[in-house]
Amino acid sequence: MKVGVGHFIAGGALVILSTLFIPQGMSGFATAAVRSEPVDPGAGVLLAIGAALVIAAVVLFARGHVLRYRERTRHHRISE
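Residues numbered from 1 in each chain as written. Predicted model: local features only at pLDDT ≥ 70, side-chain atom pairs only at ≥ 80, totals over all residues. Heavy atoms only, no water.

Peer 1: Teacher, can you tell me more about the overall build of the chain here?
Peer 2: Within the chain, the regular secondary structure consists of three helices and zero strands. Listing each helix as α and each strand as β along the chain from the N terminus yields α-α-α. For the chain, the C-alpha radius of gyration of 19 Å lies well beyond 12 Å, the compact-globule estimate for 80 residues. Projecting the C-alpha coordinates of the chain onto the three principal axes gives extents of approximately 65 × 15 × 15 Å. Taken together, the 8 basic and 4 acidic charged side chains of the chain have centroids lying 14 Å from each other. (Helix = DSSP H or I, 4+ residues; strand = E, 2+ residues; numbered from the N terminus. Rg over C-alpha atoms; globule rule 2.2 N^0.38 Å. Lys, Arg positive; Asp, Glu negative; His and termini not counted. Charge placed at Lys NZ, Arg CZ, Asp CG, Glu CD.)

In structure tokens:
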């Protein structure tokens, strides 16, 4: 497997996993706003979990990019 590909795959999996949490959290806030009721405490937790997963995915994508860039520049220096 190429360098950094595992990071891209894991990041993509985290983005997909975050779709299980973010819409439910947003729905909780929207429902509370429409009904003029207090927000369910679980809605904030779901949004926080989803946001943490998205941030982790961005970090993994960035790390994968850095690893691939380093590998390319290392091969470029060796071939000269």
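Back to the write-up after that little detour.
Peer 1: Before we go on, may I ask you to explain the confidence of the model for the chain in this structure?
Peer 2: Should pLDDT be low for a region, the predicted coordinates there are not to be read in detail. Overall, the predicted model of the chain reaches an average pLDDT of 91, with 92% of residues at or above 70. When pLDDT is averaged over each element of the chain, helix 2 (residues 22-35) comes out on top at 95 and helix 3 (residues 41-79) at the bottom at 89. (pLDDT = per-residue confidence, 0-100.)

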